Amino acid sequence: MKSYDFIAIGGGSAGFNAARVAASLGLKTAIVDGARELGGLCILRGCMPSKTLLYMAEVLHLAQKGRTFGLKIPSARADMKAIHARKKKIIAEFADYRVKALESGKFDLIRAQARWVDAHTIELSTGGRLRGGHFLIATGSKVSVPPVPGLADVPFWTSDDVLELDFVPKSVIVLGGGIVACELAQFLRRVGAQVTLVQRSLNILRDHSADASVVVQKAFVDEGIELFAGTQLQRVSHDRRGFSVQFLHDGKIMSRRAAHLFNALGREPNTAGLALAAAGVKTRPTGQIITNRWQQSSTPHIYAAGDCAGPAEIVHLAIQQGELAARHAAGVRPIRPVDYSLLLNVVFTDPQLATIGVLERELEQAGTPYLGASYPFNDHGKSILMDANYGYVKVIAEPQRGRLLGAEIVGKDAGELIHCFSGPIAMKATVFDLLRAPWYHPTLAEIVTYPLEEIADQVNAGRCNPSPKRKHPGKRA
């Protein structure tokens, strides 16, 4: 039986980066991955293919808005076969690069599924067993099928299917209102499908603020998406004419039909086939592995990272967690746990939605005093000339010194703009620190200075020591 110091089960973002670090620290390392294709969810069926498609749909959307900008563009429509081919080419390049890294020889790559026999031994689907001093579980997540009557019995699409489309579907019902549901529902609408989105919570993107969610909802409705929020799904059925979904909305039973059904009701940790009980690894009822701040499970030499561990399904977190686990297993000291107070999140709808740091509702629930200020995109020079009028920037700071606690942006390029705050929040900067920096006019980025100034005024008022205000030539009167 072959033995290793460190075995990563799963070769996606968490597993690959953990193995890379473990090998660099002198540990005899292996990755065990039995997926049909190597590369992990982000590269193959997640971040990269979806954002490739979303950007192409955005270009199409702008072309169709030509008259708004005084442009004569007779027609613009999606060529789905060409879109699909471009996406495949780009993703193949990313995947090839990852496969070369996995096969670099810095660690062993074992193409098999794994399940535990005991706390230090895994059995391979190809035969044989491996023994490990330390393990990392990085098996990611899979599409969940909630107990909606009829759903498990019909040939619904998952995000995998939508990402592989090479034709424009006539009509699609999207079940769900999370990030995947919203991003791909807008993509489908923009390429020409009739889209109905049925969401169970009162707002789409329920993990974000109601204010931000309402902005995205309005944009969806303005683009022609039929949207129902605050529903109770009753039944899903399928026949030769397509799919039918019944749901309770505003006290009435409603029904919608479409040629296709997209199940985007969430994902769940991909841990069911690992025989975790044999290793003494405890999970939550959802299958998510319980970990401590060092990513250790209930069996200390077995770590978990990425989607199967949480708390969020975000790639840069998975990488941080995997690298932390490898360093802890190698005995590197001192090390620091992942700082979740710096949590950064981006939704790539249009308008985009991005947050960093502590959320306003978390401070309110904790009874923590804070200062907050916001400014709308429809009153900002650069966004107005871009016809990017949805949304706002909101900044949150502590009251005494104005130290930045968090920010929320919903609007044009919010995923880029939120990084104006990532470094400063990590460095515990204040609103005054950011206001000392230059902000070029006219740019989208300078919009963040308006709420910064408002908070600075509030802090100064509390100190009874007001400071002079900066002038903003781009601010709309």
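Our subject is the structure that appears above.
Definitions and cut-offs
Residues numbered from 1 in each chain as written. Predicted model: local features only at pLDDT ≥ 70, side-chain atom pairs only at ≥ 80, totals over all residues. Heavy atoms only, no water. Pairing = 2+ DSSP bridges. Helix = DSSP H or I, 4+ residues; strand = E, 2+ residues; numbered from the N terminus. Axes fitted to C-alpha atoms, helices over the stretch in contact; angles between N-to-C directions. Salt bridge = Lys/Arg side-chain N within 4 Å of Asp/Glu carboxyl O. Buried < 20%, exposed > 50% of the residue type's maximum accessible area, 1.4 Å probe, protein only. Contact = heavy atoms within 4.5 Å. Phe/Tyr/Trp six-rings, centres within 6.5 Å; stacked < 30°, edge-to-face > 60°.

## Points about the sheet that holds strand 19 (residues 371-376)
Strand pairing in a sheet is mediated by backbone hydrogen bonds. Such pairs are either parallel or antiparallel.
Working step 1: The strand order across the open sheet built from five strands is 17-18-21-20-19, with neighbouring strands paired in antiparallel fashion. Each edge of the open sheet carries a strand with a single partner, namely strand 17 (344-347) and strand 19. Strand-to-strand, the axes of this sheet are offset by a mean angle of 5°, without reference to chain direction.
Working step 2: Summarising the sheet, strand 20 (residues 392-397) and strand 21 (residues 404-411) pair through six bridges and their orientation is antiparallel. When the bridges of strand 21 are listed, alanine 397 appears paired with leucine 404.

## Side note on the pattern of salt bridges
Side chains bearing opposite charge may pair, as long as their charged atoms lie close to each other.
Working step 1: Throughout the structure, instances matching the rule amount to 22 salt bridges.
Working step 2: The partner of aspartate 222 in a salt bridge is lysine 218, with the nearest N and O atoms 2.9 Å apart. With aspartate 222 and lysine 218 both in helix 7 (residues 210-222), this residue pair falls four residues apart, about one helical turn.
Working step 3: Two residues, arginine 256 and glutamate 226, come together in a salt bridge whose shortest N-O distance is 3.0 Å. Of this pair, arginine 256 sits in strand 13 (residues 252-258) while glutamate 226 sits in strand 10 (residues 226-228), and the two are 30 residues apart along the sequence.
Working step 4: In this structure arginine 256 comes out as partly exposed when scored by relative accessible area, which is 23%.
Working step 5: Given the relative accessible area of 29%, glutamate 226 is considered partly exposed.
Working step 6: One network of salt bridges, with partners in common, ties together Arg20, Glu323 and Arg327.

## Topic: the environment of arginine 403
Working step 1: For arginine 403, the location among the structural elements is in the loop between strand 20 and strand 21.
Working step 2: Residue contacts for arginine 403: discarding those within four places in its chain leaves Ile396, Ala397, Glu398, Lys428, Ala429 and Thr430.

## Here we look at the environment of glycine 242
Working step 1: Looking at the secondary structure, you find glycine 242 in strand 12 (residues 242-249).
Working step 2: Under the relative-accessibility criterion, glycine 242 is labelled buried at 6%.
Working step 3: Distance from glycine 242 to alanine 429, taken between C-alpha atoms, is 55 Å for residues 187 residues apart in sequence.
Working step 4: Those residues in contact with glycine 242 that sit more than four places away from it in its chain are Ser237, Arg257, Ala258 and Ala259.

## So, the packing of aromatic side chains
Working step 1: Inspection of every chain in the model, using the stated rule, returns five aromatic pairs.
Working step 2: Geometrically, the ring pair formed by tryptophan 157 and phenylalanine 167 is edge-to-face, given 6.4 Å between the ring centres and 65° between the ring planes. Taken together, the residues tryptophan 157 in the loop between strand 7 (141-143) and helix 5 (159-163) and phenylalanine 167 in the loop between helix 5 and strand 8 (171-175) connect sequence positions ten residues apart.
Working step 3: Note on phenylalanine 228 and phenylalanine 247: the rings are 5.0 Å apart at their centroids and 55° apart in plane angle, and the pair reads as tilted. Placement of the pair is phenylalanine 228 in strand 10 and phenylalanine 247 in strand 12, with a sequence separation of 19 residues.
Working step 4: Residue classification places phenylalanine 228 among the buried residues on the basis of a relative accessible area of 7%.

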